[in-house]
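Report on the structure
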Amino acid sequence: MQEQHFEVVVIGGGAAGLSGAVTLARARRTVLVIDAGAPRNAPAEGVHSYLTRDGMPPGEFTAAGRAEVRGYGGEVWEDGVDTVKRDGDRFAVRLDGGRAVSADRLLVATGAVDHLPQIPGLAERWGREVLHCPYCHGWEVQDRRIAILATDPAVAMHQALLWRQWSDAVTVLRHTAGAFAADDEERLAARGIDLVEGEVTAVEVEDDRLAAVVLASGRRVACAALVVGTAPDAAAPFLADLGLEAVEARPGEPAFGTKVETDPTGKTSVPGVWVAGNVANPMAQVVASAAGGTMAGAMINMDLVEAETARAVSARRRELTL
């Protein structure tokens, strides 16, 4: 069977990948989106801070995006990517399911992987009552008891003061963070934020909702939401075969995870490869990821236009010399 070829293969079908694919398909490019169907925001009840789409369930958002891609002639395959290799001027992409395709350009938008604290019961509440972003979830838990799980003093301070905007019932759980600076404890006290000693060993659920955390001492601290730091890592290991390695998103600040470095348009150091969304910026919300995908798609189209023009000029020169 002849290998199927596309001008652009988009790896990852979230907001960034689908937005890039729509942009490219509208530019009349042949586009394939390969998506494993495991979006980072799948556990969340809805997408937020996205104008006209606020509260839309992630599954509905993805389905609508896929429909738009297909409506412009693009293809969407549900599969994962095993390997990506350079093959002359093209890229050879082998899928987990065994199929193989080739592409002139790649847009990688596979998102990020969140690494959660290893506390029994915590992962099951991720995206529901175990949260990380107040702009994504703060409105939904406003005026409720919010606990901050501290693993790093500086990060915990940032989270506590920020989440205080949504509730005056914020508690910092020292957990494994160690000592806070004296002026930080004063700042917490000034905002009415309690600092509770002891390591968290479990979360407690009642009526399928988070009700409390349990400390090593046995003490129970009531909370309706638990804020954690996740240090998300770029989810694109196959890029290593092309010479692209993830780097610290903010050197010296491991709480911010890793990313693949790009220029402002999403272009990487490897010719023909762009990345967008949480692969390039682990802190980007859905709307920012979509914007990054749109930008990358437009730049990929322009790159293809330049290559086509260069080939046309060469062909014309050959004709003129005959």
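Note that this is a predicted model, so its numbers are computed, not measured.

**Some remarks on the sheet that holds strand β13 (residues 209-215)**
Pairing in this open sheet of three strands is antiparallel, and the strands run β12-β13-β14 from one edge to the other. Each having just a single partner strand, β12 (200-206) and β14 (220-222) make up the two edges of the open sheet. Each adjacent strand pair in this sheet contributes to an overall mean axis angle of 30°, direction not counted. Sheet topology note: the β13/β14 ladder contains three bridges and is antiparallel. The residue bridging V213 from the neighbouring strand is V221, located in β14.

**Observations concerning the domain arrangement of the chain**
Each domain of the chain was delimited in the assignment, giving domain 1 (4-114 + 231-320) and domain 2 (117-228). Spacing between the C-alpha centres of domain 1 and domain 2 amounts to 34 Å. Residue-level contacts link nine residues of domain 1 with eleven residues of domain 2. On the domain 1 side of the contact with domain 2, P43, H48 and Q285 bury the most area, a combined 49% of that side's loss. Applying the counting criterion to the domain 1 and domain 2 interface returns one salt bridge. A salt bridge links R209 to E45; the shortest N-O distance between them is 4.0 Å. There are one residue pair in polar contact (both at pLDDT 80 or more) connecting domain 1 and domain 2. Residue composition of the side of domain 1 that touches domain 2, grouped by class: three nonpolar, three polar and three charged.

**A few points about the sheet that holds strand β15 (residues 225-227)**
The five strands lie next to each other as β8-β15-β9-β10-β11, forming an open sheet whose pairing is parallel. In this open sheet, the two strands that pair with only one neighbour each are β8 (130-131) and β11 (194-196). Looking at chain direction, strand β10 (residues 170-173) and β11 are connected through three bridges and run parallel. Bridge pairing links V172 to L195 in β11. Helix-sheet contacts for helix α4 (residues 153-163) involve β8, β9 (146-149), β10 and β15, and the interaxial angle to β9 is about 165°.

**Examining helix α2 (residues 58-71)**
The end-to-end C-alpha distance of α2, which contains 14 residues, comes to 20 Å, matching closely the 20 Å that a straight helix rising 1.5 Å per residue would cover. Looking only at α2, the buried set comprises P58, F61, T62, G65, R66 and V69. With its buried residues spanning 130° around the axis, α2 presents them on a single face. For α2, the exposed residues set more than 90 degrees away from the buried face come down to G59 and G71. Taken together, the buried residues of α2 touch α1 (15-26), β2 (31-35), β3 (75-78) and α6 (286-321). At the exit of α2 stands G73, carrying a positive phi of roughly 95°.

Parameters at a glance
Residues numbered from 1 in each chain as written. Predicted model: local features only at pLDDT ≥ 70, side-chain atom pairs only at ≥ 80, totals over all residues. Heavy atoms only, no water. Pairing = 2+ DSSP bridges. Helix = DSSP H or I, 4+ residues; strand = E, 2+ residues; numbered from the N terminus. Axes fitted to C-alpha atoms, helices over the stretch in contact; angles between N-to-C directions. Domains from an automatic or database assignment. Contact = heavy atoms within 4.5 Å. Buried area = accessible area lost by both parts, 1.4 Å probe. Salt bridge = Lys/Arg side-chain N within 4 Å of Asp/Glu carboxyl O. Polar contact = N/O pair within 3.5 Å; in protein donor to acceptor, adjacent residues only side chain to side chain. Nonpolar A, V, L, I, M, F, W, Y, C, P; charged D, E, K, R; others polar. Expected span 1.5 Å × (residues − 1). Buried < 20%, exposed > 50% of the residue type's maximum accessible area, 1.4 Å probe, protein only. Arc of directions from axis to C-beta.

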